[in-house]
Amino acid sequence: MQISSKVLLSVIALSGVMNGASAALLDRGNGLIYDQDLNVTWLKNANVWQNVRGGLVTWTTANDWAAQLEYADNLRSTVWTDWQLPTSEQLRHLYYSELGGQAGIDLRYTHNSNYALFDNIQPGAYWSNTPWWSNPTEYVETVSFYIGDTRSSNRINEFGYAWAMRAGDVGAVGVVPEPSTILLWLVGLLGMLYYRSIRPRA
């Protein structure tokens, strides 16, 4: 079997392009989105509590829910625990770096293509687990997914949206290889076939 060196070089070049174009957010399936920058996995559904006051809950309710969450992942035949509310820094990173939000401008009209990876992102304040610096026992930071600002909110008396995340990549367990990985396998196979085609025969 003859394989052109031009074909082989083209495949190698394409492999480099695909690896370089890897998105920071990866849809791992079954309602889970992996953030490569932060090395955390987000719930795809950004408003699980939508049937309760439209999703607005106190910090205490949101924090207890995240801490006790057991997420059944049928795709990987496992149950994920160790969920928590994100830090305010993680929420800001998601808003600005991953979703393309801009300060003071409605995210619904300024987002990038990553926005479509999630369901039910609300134009309002999301609870974090970061205490407010001047009164850490009563207030925590909330990050608005409307205009990107950070505010202080009372843990017990105010309401916000809840979004859970957990450390690490759920896709590392029983994950289907990404296209770039499959392409690297193909490069290796073509390389072997090319070598065999040019190797002198005895």
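Residues numbered from 1 in each chain as written. Predicted model: local features only at pLDDT ≥ 70, side-chain atom pairs only at ≥ 80, totals over all residues. Heavy atoms only, no water.

**Digging into the sheet that holds strand S6 (residues 125-131)**
The strands making up a sheet associate through backbone hydrogen bonding, with each pair oriented either parallel or antiparallel. One open sheet holds the three strands; their spatial order is S6-S7-S8, and the pairing between them is antiparallel. With partners counted over all chains shown, the strands left at the sheet margins are S6 and strand S8 (150-154), one partner each. For this sheet the average axis-to-axis angle between neighbouring strands, irrespective of direction, equals 40 degrees. Alignment of strand S7 (residues 139-144) against S8, held across five bridges, turns out to be antiparallel. Across the sheet, the residue bridging to Tyr139 is Asn154, located in S8. Where helix H3 (residues 88-98) meets the sheet, it contacts S6, S7 and S8, and its direction lies at approximately 5 degrees from that of S7. (Pairing = 2+ DSSP bridges. Helix = DSSP H or I, 4+ residues; strand = E, 2+ residues; numbered from the N terminus. Axes fitted to C-alpha atoms, helices over the stretch in contact; angles between N-to-C directions. Contact = heavy atoms within 4.5 Å.)

**A short note on the pattern of salt bridges**
Per the counting criterion, the structure on display carries six salt bridges. As a salt-bridge pair, Asp169 and Arg28 come within 2.7 Å of each other at their nearest N and O atoms. Of this pair, Asp169 sits in the loop between strand S9 (165-167) and helix H5 (179-198) while Arg28 sits in strand S1 (residues 25-29); the two residues are 141 residues apart in sequence, bridging distant segments of the chain. Of the charged contacts in the structure, one is a salt bridge between Arg76 and Asp73, with a shortest N-O distance of 2.5 Å. Take Arg76 and Asp73: they sit in the same class, and that class is buried. (Salt bridge = Lys/Arg side-chain N within 4 Å of Asp/Glu carboxyl O. Buried < 20%, exposed > 50% of the residue type's maximum accessible area, 1.4 Å probe, protein only.)

**Focus: the side chain of Asp35**
Counting through the fold element by element, Asp35 comes out in strand S2 (residues 32-35). Despite its burial, Asp35 pairs with no opposite charge, the nearest such side chain being Arg28 at 11 Å. Within polar-contact distance, the side chain of Asp35 engages the backbone nitrogen of Asp37 at 3.0 Å. Each residue touching Asp35, except ones within four places of it in the same chain, is listed here: Ala24, Leu25, Val40, Trp42, His93 and Glu98. (Lys, Arg positive; Asp, Glu negative; His and termini not counted. Polar contact = N/O pair within 3.5 Å; in protein donor to acceptor, adjacent residues only side chain to side chain.)

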